[in-house]
2 protein chains.
Amino acid sequence: MVQLDDLDRAILRILKEDARLTISEIAEKLNRPESTIHFRIKKLQEKGVIERYTIVLGKELQPKALAIVYIQAETPIIEDFLERYIRHIIRTLALLPNVLMVARSGADGIVALVGAENQEKLNRFVDETIRVLPTLRRVEVFPVDEIGKGSGVVGFLVDV
Amino acid sequence: MVQLDDLDRAILRILKEDARLTISEIAEKLNRPESTIHFRIKKLQEKGVIERYTIVLGKELQPKALAIVYIQAETPIIEDFLERYIRHIIRTLALLPNVLMVARSGADGIVALVGAENQEKLNRFVDETIRVLPTLRRVEVFPVDEIGKGSGVVGFLVDV
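The following paragraphs examine the structure supplied in this document. (Residues numbered from 1 in each chain as written. Chains lettered and ligands numbered in written order. Predicted model: local features only at pLDDT ≥ 70, side-chain atom pairs only at ≥ 80, totals over all residues.)

### Considerations on the overall build of chain A
Consideration 1: Helix and strand content of chain A: 6 helices and 6 strands.
Consideration 2: Secondary structure elements in chain A, listed N-terminal to C-terminal, are α-α-α-β-β-α-β-β-α-β-β-α.
Consideration 3: For a compact globule of 160 residues, the expected C-alpha radius of gyration is about 15 Å, and chain A comes in at 21 Å, more than 25% above that figure.
Consideration 4: Each principal axis of the C-alpha distribution contributes one length, and for chain A these read about 65 × 35 × 25 Å.
Consideration 5: In chain A, of all internal contacts separated by at least 6 residues, the share reaching a separation of at least 24 is 62%. (Helix = DSSP H or I, 4+ residues; strand = E, 2+ residues; numbered from the N terminus. Rg over C-alpha atoms; globule rule 2.2 N^0.38 Å. Contact = placed C-beta atoms within 7 Å.)

As C-alpha cells, this is what we get:
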C-alpha cells in the first residue's frame, strides 16, 4: 500500500490543478527546496501514484447536453447468452463518439455517460441507438445538468 | 466556433495519452517540424481548446467499488423550497471524498458517481449518507463494474 505524507498530497493537488508547473514553481509554492520536489515527483511517478499526464479539453469541444443512461437486458433462458450480449453492447457503445464512458453494471446492466451538441441530438441518439437495441427490459435516462463537482470530467473524456 | 484540422486533432490525441511529451518528441511522431508543433500547441492553448494540463492518479489511490446514484426529491408544495433543497444536497455531497462527481438531474433530481474502498463501505455510505436525506422520493443505485471506455475517469476525479 502506498503511503503518502502531507507533502506528497500537496504536490499531487498542485499537479491536478496544473501539471505544467515547473519543479521550481512548485518548490516556491510549497516553500521547499527544488531537490525535494524533484525527488518526490520522481517517486510518485515510479510508484504509479501519478499514472499519467494528460490534457482537459475546453468547452467548445465538449458536448452541451449530457445524460447518464442505464440499460438493463432481458434475462434470457440461456445464461451464457446474457454474458456475451452485455459484452457485445459495451463494445459497440464504446466505439461511438457520443458515448463518453461506458461500464458494466451488475450481471444484466450497463451504465453510460452520453453526450451530444444539444438536447435534441442527445434524445435522438438515445432513441435511435440505445432504445432500439434488442431484448432490453429497461432503459432509464437521467439528464446531467449543472455539474457541481468533477466538472472537468467532460473535457477529460471527450474524443477528438 | 473553433476549427481543428487533422494535425490539431493528432496533437490533441497525443497529448491526451501523454501530456509530458516534448515538442520534439511530438514533432518526430507526426513527422512535422518542431516549429509547426510549437505554434499549433500555442494556438490550441490560446484558443482554450486545451483548457488545462493535469494528472491521472494510479489504481492504489482509486476507490475499488463504484456506483452511480440517482436521487429524486419529493416534490413539495412550495416550488422555491425544492430549488434550494436540491442545491443544498449538491453542495453537501460535493464536500464528501466518497463523492467523485455530482450533478443536477432535471428539476427534482441529482446524479452522483460515488466510490469507496470496497463494496461494503460503499453500501454503508449510500445507506448512511444518501438514503437518510430527508424528503426523498426515490434513490436508485447502479453499480459501476468493469469500465469499458473512459476508465481513466476514476484516477482523474479522485481526491487526494
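### Points about the nonpolar core
Consideration 1: Grouped together as the largest cluster of nonpolar side chains are 82 residues, with contacts concentrated most on Ile68, Ala112 and Val114 of chain A together with Ile68, Ala112 and Val114 of chain B.
Consideration 2: Other than its neighbours up to four places away in sequence, Ile68 of chain A contacts Val111, Leu113, Phe142 and Val144 of chain A together with Ile68 and Val111 of chain B. (Core = buried A, V, L, I, M, F, W, Y, C linked by C-beta atoms within 7 Å. Buried ≥ 20, exposed ≤ 12 C-beta atoms within 10 Å, placed from the backbone.)

### So, the interface of chain B and chain A
Consideration 1: Taken together, the contact pairs 52 residues of chain B with 52 residues of chain A.
Consideration 2: Among the elements that line the side of chain B that touches chain A, the one with the most residues is strand β1 (residues 50–57) of chain B, at 8 residues.
Consideration 3: Inspection of the sheet shows strand β1 (residues 50–57) of chain A paired to β1 of chain B by 7 bridges, in the antiparallel sense. Note that in β1 of chain B the partner of Leu57 of chain A across the bridge is Ile50 of chain B. (Pairing = 2+ DSSP bridges.)

### Comments concerning helix α5 (residues 119–130) of chain A
All names here are of chain A.
Consideration 1: Taking 1.5 Å per residue, 12 residues should reach 16 Å; α5 reaches 15 Å between its end C-alpha atoms and fits that length.
Consideration 2: For α5, the full list of buried residues reads Leu122, Phe125 and Ile130. Along the axis of α5, the buried residues cluster in a sector spanning 65°; they form a single face. In α5, the exposed residues that point more than 90 degrees away from the buried face are Glu120, Asp127 and Glu128. (Expected span 1.5 Å × (residues − 1). Arc of directions from axis to C-beta.)

### What about the relation of the copies chain B and chain A?
Consideration 1: When chain B is fitted to chain A, the residual RMSD is 0.0 Å, and the transformation amounts to a turn of 180° plus an axial shift of 0.0 Å. What the rotation and shift describe, once combined, is the action of a two-fold rotation axis. Among all residues of chain B, the minimum C-alpha distance to the rotation axis is found for Thr54 of chain B, at 2.7 Å. (Least-squares fit on C-alpha atoms with pLDDT ≥ 70 in both.)

### Observations regarding helix α3 (residues 34–46) of chain A
Residues and elements named next belong to chain A.
Consideration 1: The first and last C-alpha atoms of α3 sit 18 Å apart over 13 residues, in line with the 18 Å expected at 1.5 Å per residue.
Consideration 2: What α3 keeps buried is the set Ile37, Arg40 and Leu44. Buried residues of α3, seen end-on, are gathered within an arc of 65° and therefore sit on one face of the element. Facing away from the buried side of α3 by over 90 degrees, the exposed positions are Ser35, Phe39, Lys42 and Glu46.
Consideration 3: Those residues of α3 that are buried are in contact with α1 (6–17), α2 (23–30) and β1.

### Points about the packing of helix α2 (residues 23–30) of chain B against helix α3 (residues 34–46) of chain B
All names here are of chain B.
Consideration 1: Close contact between α2 and α3 brings their axes to 8 Å; oriented N to C, the two are set at 110°. In terms of orientation, α2 and α3 fall into the roughly perpendicular class. Handedness of the α2/α3 crossing: right-handed. Residue-level contacts link Ile23, Ser24, Ile26, Ala27 and Leu30 of α2 to Glu34, Ile37 and His38 of α3.
Consideration 2: The class makeup of the residues in the contact of α2 with α3 is 5 nonpolar, 2 polar and 1 charged. (Axes fitted to C-alpha atoms, helices over the stretch in contact; angles between N-to-C directions. Parallel < 35°, antiparallel > 145°, perpendicular 65-115°, else oblique. Left-handed = near helix turned anticlockwise from the far one by under 90°. Nonpolar A, V, L, I, M, F, W, Y, C, P; charged D, E, K, R; others polar.)

### Some words on the environment of Gln62 of chain A
Residues and elements named next belong to chain A.
Consideration 1: Within the secondary structure, Gln62 sits in the loop between β1 and β2 (65–73).
Consideration 2: On the basis of neighbour count, Gln62 is assigned to the buried category, with 20 C-beta atoms found within 10 Å.
Consideration 3: Measuring from C-alpha to C-alpha, the distance between Gln62 and Gln3 comes to 36 Å, with 59 residues separating the pair along the chain.
Consideration 4: In this view, Gln62 contacts Leu57, Val154, Gly155 and Val158; residues no more than four positions away in its chain are not counted.

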